[in-house]
Amino acid sequence: MKILVSACLLGENCRYKGDNCKNEKVVALKEGNELIAVCPEVLGGLSTPRAPAERVKEKVLANNGKDVTENYKKGAEIALEIAKENHIDYCIFKSKSPSCGCGMIYDGTFSGKTVCGNGVTTELFIKNGYRVVDENSI
């Protein structure tokens, strides 16, 4: 199978803090599958490291007040094109992320609280018929 994966889950230092959240269960899927890494935030033009951001309704706002919604939308579109070009079977994205979160995301208050919802990239992928799970679902 071809699986599109959040790059941070594969050990790429692309998170907002400049680190990763390597997940050994995800990495182990390399055996017998083709994993294609993407970081929608970086694809959308954001730097690593960067100010943390959370989704507030249809916007994505950094904790410094900057509106980064367009970066997130652009990154989601580029990730979708990569998925289409590679004929991926499904996606494993980073939980709670304002881009990749699946089912639960941070609530926009930067307090660590979560709410039901999807990140910008996950939302776009679901609208385009892709199955998306997070690393906790494998």
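Preceding block: the structure.
Note that residues are indexed from 1 along each chain, following the sequence as it is written. The predicted nature of this model means local features are confined to residues of pLDDT at least 70 and side-chain atom pairs, given and counted, to a pLDDT of 80 or more, with totals for whole chains, interfaces and linings taken over all residues. Processing note: side-chain calculations cover all non-hydrogen atoms of the structure and skip hydrogens and water entirely.

(A) Just the overall build of the protein, in detail. Secondary structure assignment for the protein yields four helices and eight strands. In the protein, the order of α-helices and β-strands from amino to carboxyl end is β-α-β-α-β-β-α-β-β-β-α-β. The reference for a compact globule is 2.2 Å times residues^0.38; the radius of gyration itself is calculated from the C-alpha atoms. By the compact-globule yardstick of 14 Å for 138 residues, the protein fits well, its C-alpha radius of gyration being 14 Å. Once the C-alpha set of the protein is aligned to its principal axes, its extents read approximately 45 × 30 × 25 Å. Using a 1.4 Å probe on the protein chains alone, a residue whose accessible area is under 20% of its type maximum counts as buried, one over 50% counts as exposed, and one in between counts as partly exposed. Counting across all 138 residues of the protein, residues that qualify as buried make up 44%. Residues count as neighbours in contact if any of their non-hydrogen atoms are within 4.5 Å of one another. Taking the intrachain contacts of the protein between residues at least 6 apart in sequence as the baseline, contacts between residues at least 24 apart amount to 63%. In DSSP terms, a helix is any run of H or I states spanning at least four residues, a strand is any run of E spanning at least two, and both are numbered starting from the N terminus.

(B) Looking closely at the pairing of strand β4 (residues 59–62). Judged by which residues are buried, β4 turns out to be one-sided: V60 and A62 face inward and are buried, whereas K59 and L61, on the alternate face, are not. The loop that links strand β3 (residues 53–56) with its antiparallel partner β4 comprises two residues; one of these, K57, has a positive phi angle of about 60°. DSSP calls a pair of strands paired once it identifies at least 2 bridges connecting them.

(C) Highlighting the packing of helix α3 (residues 69–86) against helix α4 (residues 120–127). Contact pair α3 / α4: the axes reach a minimum separation of 9 Å and the direction vectors enclose 45°. The angle between the axes of α3 and α4 places the two elements in the oblique class. Here α3 and α4 pass one another in a crossing that is right-handed. Facing Y72, K73, A76, E77, A79, L80 and A83 of α3, the residues of α4 in contact are V120, T121, L124 and F125. Residues belonging to the contact of α3 with α4 are distributed by class as follows: eight nonpolar, one polar and two charged. Geometry is summarised by axes, namely lines fitted to C-alpha atoms with helices restricted to the contacting stretch, and by angles between N-to-C directions that run from 0 to 180 degrees. For classification, angles of less than 35 degrees are called roughly parallel, those exceeding 145 degrees roughly antiparallel, those between 65 and 115 degrees roughly perpendicular, and all remaining angles oblique. Note on convention: near helix rotated counterclockwise from far helix by under a right angle means a left-handed crossing. Clockwise means right-handed. As a working rule, the residues Ala, Val, Leu, Ile, Met, Phe, Trp, Tyr, Cys and Pro are called nonpolar, Asp, Glu, Lys and Arg charged, and the rest polar, with Gly in that last group.

(D) Expanded view of the nonpolar core. Counting residues in each nonpolar core, the largest one holds 21 residues, and the members touching the most others are L4, Y72, I88, C91, F93, F125 and Y130. Among the elements of the structure, β2 (34–38), α3, β5 (90–93) and α4 are those that each provide at least two residues to this core. Considering every element that reaches this core, the biggest residue donor is α3, with five residues. For Y72, the residues in contact, after removing those within four places along its chain, are E41, L46, A53, V60, P98, S99 and V120. Joining through side-chain atoms within 4.5 Å is the link that ties buried Ala, Val, Leu, Ile, Met, Phe, Trp, Tyr and Cys residues into a set, and such a set is a nonpolar core. Counting 15 residues, the second largest nonpolar core, distinct from the first, contains C8, L9, V27 and I92.

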